[in-house]
Amino acid sequence: MASIAASASTSLQARPRQLAIAANQVKSFSYGRRSHLSFNLRQLPTRLTVSCAAKSETVDKVCAVVRKQLSLKEADEITAATKFAALGADSLDTVEIVMGLEEEFGIEMAEEKAQSIATVEQAAELIEELLLEKAK
């Protein structure tokens, strides 16, 4: 005769950046001398976190420069994830923002790097990178 034994759901935690899998409804089947293990796998939801590598002081200064260059009101919210385009900035505004950042931080940005900036966070991270290079 065959016997079936079911255990509770078992979760397996994967290391970061690996697929997380949960074993659900683990069952053990026995038939004579042979044993079989059966289970269903389902993917666990992935939790993502976003973090800015730049210091908060740098992000705050960048926000202030962006606010000034685009003549934004204090009520207009600007965060690290804010895109310049979402604030109504066109390519000329972006050039003026870059020039204001260069003046504020005493740095010079290469044109190809300046063209890749689309968010406050990207600007802050590039500025910190350039400040580190300047300090060497």
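It should be emphasised that the depicted structure is a prediction, and the values quoted were computed from it without experimental measurement. (Residues numbered from 1 in each chain as written. Predicted model: local features only at pLDDT ≥ 70, side-chain atom pairs only at ≥ 80, totals over all residues. Heavy atoms only, no water.)

1. What to know about the environment of Val-59
Line of reasoning, step 1. Along the chain, the position of Val-59 falls in helix 1 (residues 56-69).
Line of reasoning, step 2. Taking the relative accessible area as the measure of exposure, Val-59 reaches 10% and is therefore buried.
Line of reasoning, step 3. For the pair Val-59 and Glu-128, spaced 69 residues apart in sequence, the C-alpha to C-alpha distance is 9.9 Å. (Helix = DSSP H or I, 4+ residues; strand = E, 2+ residues; numbered from the N terminus. Buried < 20%, exposed > 50% of the residue type's maximum accessible area, 1.4 Å probe, protein only.)

2. What to know about the pattern of salt bridges
Line of reasoning, step 1. What the rule picks out here adds up to two salt bridges.
Line of reasoning, step 2. For Arg-67, the salt bridge identified is with Glu-74, shortest N-O distance 4.0 Å.
Line of reasoning, step 3. The salt bridge involving Lys-113 is made with Glu-129; its shortest N-O contact spans 3.0 Å. One end of the pair, Lys-113, is in helix 3 (residues 111-115); the other, Glu-129, is in helix 4 (residues 120-135), and 16 residues separate them in sequence.
Line of reasoning, step 4. When its relative accessible area of 32% is taken as the criterion, Lys-113 is described as partly exposed. (Salt bridge = Lys/Arg side-chain N within 4 Å of Asp/Glu carboxyl O.)

3. Let's talk about the layout of surface pockets
A water-sized probe, rolled over the atoms, reveals where empty space remains.
Line of reasoning, step 1. Within this model, the second largest pocket holds a volume of roughly 170 Å³.
Line of reasoning, step 2. Ser-91, Thr-94, Val-95, Val-98, Met-99, Glu-102, Met-109, Ala-110, Glu-111, Ala-114 and Gln-115 together form the lining of the second largest pocket.
Line of reasoning, step 3. Elements with a contribution of two residues or more to the lining of the second largest pocket: helix 2 (91-105) and helix 3.
Line of reasoning, step 4. Residues of the lining of the second largest pocket, tallied by class, amount to six nonpolar, three polar and two charged. (1 Å grid on protein atoms, 1.4 Å probe; cavity = no way out; pocket = protein on both sides within 12 Å on 5 of 7 lines; lining within 4 Å. Points joined across faces, edges and corners; volume = space filled by probe spheres on them. Nonpolar A, V, L, I, M, F, W, Y, C, P; charged D, E, K, R; others polar.)

4. Examining the nonpolar core
Line of reasoning, step 1. Grouped together as the largest cluster of nonpolar side chains are 25 residues, with contacts concentrated most on Val-62, Phe-84, Leu-101 and Met-109.
Line of reasoning, step 2. Elements with a minimum of two residues in this core: helix 1, helix 2 and helix 4.
Line of reasoning, step 3. The leading source of residues in this core is helix 4, at six residues.
Line of reasoning, step 4. Sequence-distant contacts of Met-109, that is, excluding residues within four places in its chain, are made with Val-98, Leu-101, Glu-102, Ala-114, Ile-117, Leu-126, Ile-127 and Leu-130. (Core = buried A, V, L, I, M, F, W, Y, C linked by side-chain atoms within 4.5 Å. Contact = heavy atoms within 4.5 Å.)

5. Observations regarding helix 2
Line of reasoning, step 1. For helix 2, spanning 15 residues, the distance from its first C-alpha to its last is 21 Å, which sits close to the expected 21 Å at 1.5 Å a residue.
Line of reasoning, step 2. For helix 2, the elements touching its buried residues are helix 1, helix 3 and helix 4.
Line of reasoning, step 3. The backbone nitrogen of Leu-92 lies 3.2 Å from a side-chain oxygen of the residue at the head of helix 2, namely Asp-90.
Line of reasoning, step 4. Backbone geometry just after helix 2 places Gly-106 at a positive phi near 65°. (Expected span 1.5 Å × (residues − 1). Polar contact = N/O pair within 3.5 Å; in protein donor to acceptor, adjacent residues only side chain to side chain.)

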